[in-house]
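Inside the fold
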Amino acid sequence: MPAAGATSNTETLNRLHSAVNSGDPEIISKAIDEFVAPDVLFHAPVPMGATGAEALKRVWEVLLRAFPDIHVAVEETVAEGDKVASRNTVTGTHLGEYQGLPPTGKTVTYNEIFIVRFAEGRIAEIRGVVDVLAQLRQLGALPS
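Under an unreviewed UniProt entry, the chain has the name Ester cyclase and belongs to Streptomyces diastatochromogenes.

Quick look at the structure:
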C-alpha cells in the first residue's frame with residue numbers, strides 16, 4: 001500500500017480516537033459504525049456474547065460506565081502497508097463498577113498498544129495489549 005494509504009489509515013484511527021475521547025456513547029457508536037467493519041476481528045479481551053463491531057461498542061459502554069472521563073492519549077503511531085500501530089496512555093476516574101469493583105473515585109493511568117489492520121478504508125482487525133494489571137493495582141484490587 002502506498003504511503004498515502006497508510007496516512008489515510010492513520011487519520012481514520014485518529015478520528016476514532018477523537019470520537020472515544022468525546023465521552024459520548026452515541027458519537028462513539030456512530031464512529032465505530034463508520035470506521036470499523038461490522039465483522040472486525042477483535043483479538044483483545046472483549047465482553048462475552050458479542051463479536052465484531054458490536055463487541056467494540058460493548059467495550060466502550062463498559063469503559064464509559066466505569067470511567068466516564070476516560071481519555072486515550074496517542075503517544076506514538078507507526079503505519080506500514082495496511083496496518084497502524086498505536087501506543088497509548090489511558091487515564092480515567094473510577095466512578096462506576098469495573099471488573100466487579102465498586103467505584104473507588106481513584107484516577108488510573110495505564111498503557112496499551114494496538115495494531116490495527118485496515119481493509120477498504122475500515123478497521124478490519126484489531127490486536128491489542130492493555131495493561132489491566134496496572135489498572136487493577138491502581139484501583140486497589142491487587143497489591144502494588
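Resuming the write-up.
1. Focus on the nonpolar core
In terms of nonpolar packing, the biggest core is built from 38 residues, with Trp 60 and Ile 123 touching the most fellow members. Where this core is concerned, the elements lending two or more residues are helix 1 (3–20), helix 2 (25–35), strand 1 (36–43), helix 3 (52–66), strand 3 (83–93), strand 4 (107–119), strand 5 (122–130) and helix 4 (132–138). When residues of this core are assigned to their parent elements, the largest contribution, eight residues, is made by helix 3. Once residues within four sequence positions are removed from consideration, Ile 123 is found in contact with Leu 13, Leu 16, Phe 35, Val 36, Ala 37, Val 40, Val 116, Arg 117 and Phe 118.

2. Concerning the pattern of salt bridges
Per the counting criterion, the structure on display carries seven salt bridges. Residues Glu 34 and Arg 15 are paired through a salt bridge, measuring 3.4 Å at the closest nitrogen-oxygen approach. With Glu 34 in helix 2 and Arg 15 in helix 1, the pair connects residues that are 19 residues apart, well separated along the chain. On the basis of relative accessibility, which here comes to 45%, the residue Glu 34 falls in the partly exposed class. Its relative accessible area of 49% is what places Arg 15 among the partly exposed residues. Arg 87 serves as the salt-bridge partner of Glu 76, at 3.0 Å between the closest nitrogen and oxygen. On the criterion of sequence distance, the pair formed by Glu 76 in strand 2 (residues 71–80) and Arg 87 in strand 3 is long-range, its members being eleven residues apart. Residue Glu 76 is classed as partly exposed on the basis of its relative accessible area, which comes to 40%. The structure contains a network of salt bridges with shared partners spanning Asp 33, Glu 54 and Lys 57.

3. Side note on helix 2
Every α-helix winds through 3.6 residues per turn, so residues three or four apart in the chain are directed the same way. Of all the positions in helix 2, only Ile 28, Ala 31, Ile 32 and Phe 35 are classed as buried. Looking straight down helix 2, one finds its buried side chains confined to an arc of 100°; they lie on one side. Among the exposed residues of helix 2, those pointing more than 90 degrees away from its buried face are Glu 26 and Lys 30. Measuring from the backbone nitrogen of Glu 26 back to the side-chain oxygen at the start of helix 2 gives 2.8 Å, which picks out Asp 24 as the cap.

4. Examining unusual backbone geometry
The phi angle of most residues is negative, glycine excepted, and most peptide bonds adopt the trans form. Phi is positive for Gln 99, which is not a glycine, with a value near 55°. Relative to the assigned elements, Gln 99 resides in the loop between strand 3 and strand 4. Despite not being glycine, Glu 120 has its phi angle at roughly 55°, a positive value. Mapped onto the secondary structure, Glu 120 falls in the loop between strand 4 and strand 5.

5. Structural notes on the packing of aromatic side chains
If you walk through the whole model with that rule in mind, you get one aromatic pair. Here Phe 67 and Tyr 98 contribute two aromatic rings whose centre-to-centre distance is 5.1 Å and whose plane-to-plane angle is 65°, an arrangement assigned as edge-to-face. Placement of the pair is Phe 67 in the loop between helix 3 and strand 2 and Tyr 98 in the loop between strand 3 and strand 4, with a sequence separation of 31 residues. Look at Phe 67 and you get buried, because its relative accessible area is 1%. The class of Tyr 98 is buried, set by a relative accessible area of 5%.

6. A closer look at the environment of Arg 137
In this structure, Arg 137 sits in helix 4. A relative accessible area of 39% places Arg 137 in the partly exposed class. Taking the C-alpha atoms as reference points, Arg 137 and Glu 26, 111 residues apart in sequence, are found 31 Å from one another. Of the polar contacts made by the side chain of Arg 137, one reaches the backbone oxygen of Pro 143; its length is 3.1 Å.

Parameters and conventions
Residues numbered from 1 in each chain as written. Predicted model: local features only at pLDDT ≥ 70, side-chain atom pairs only at ≥ 80, totals over all residues. Heavy atoms only, no water. Core = buried A, V, L, I, M, F, W, Y, C linked by side-chain atoms within 4.5 Å. Buried < 20%, exposed > 50% of the residue type's maximum accessible area, 1.4 Å probe, protein only. Helix = DSSP H or I, 4+ residues; strand = E, 2+ residues; numbered from the N terminus. Contact = heavy atoms within 4.5 Å. Salt bridge = Lys/Arg side-chain N within 4 Å of Asp/Glu carboxyl O. Arc of directions from axis to C-beta. Polar contact = N/O pair within 3.5 Å; in protein donor to acceptor, adjacent residues only side chain to side chain. Phe/Tyr/Trp six-rings, centres within 6.5 Å; stacked < 30°, edge-to-face > 60°.

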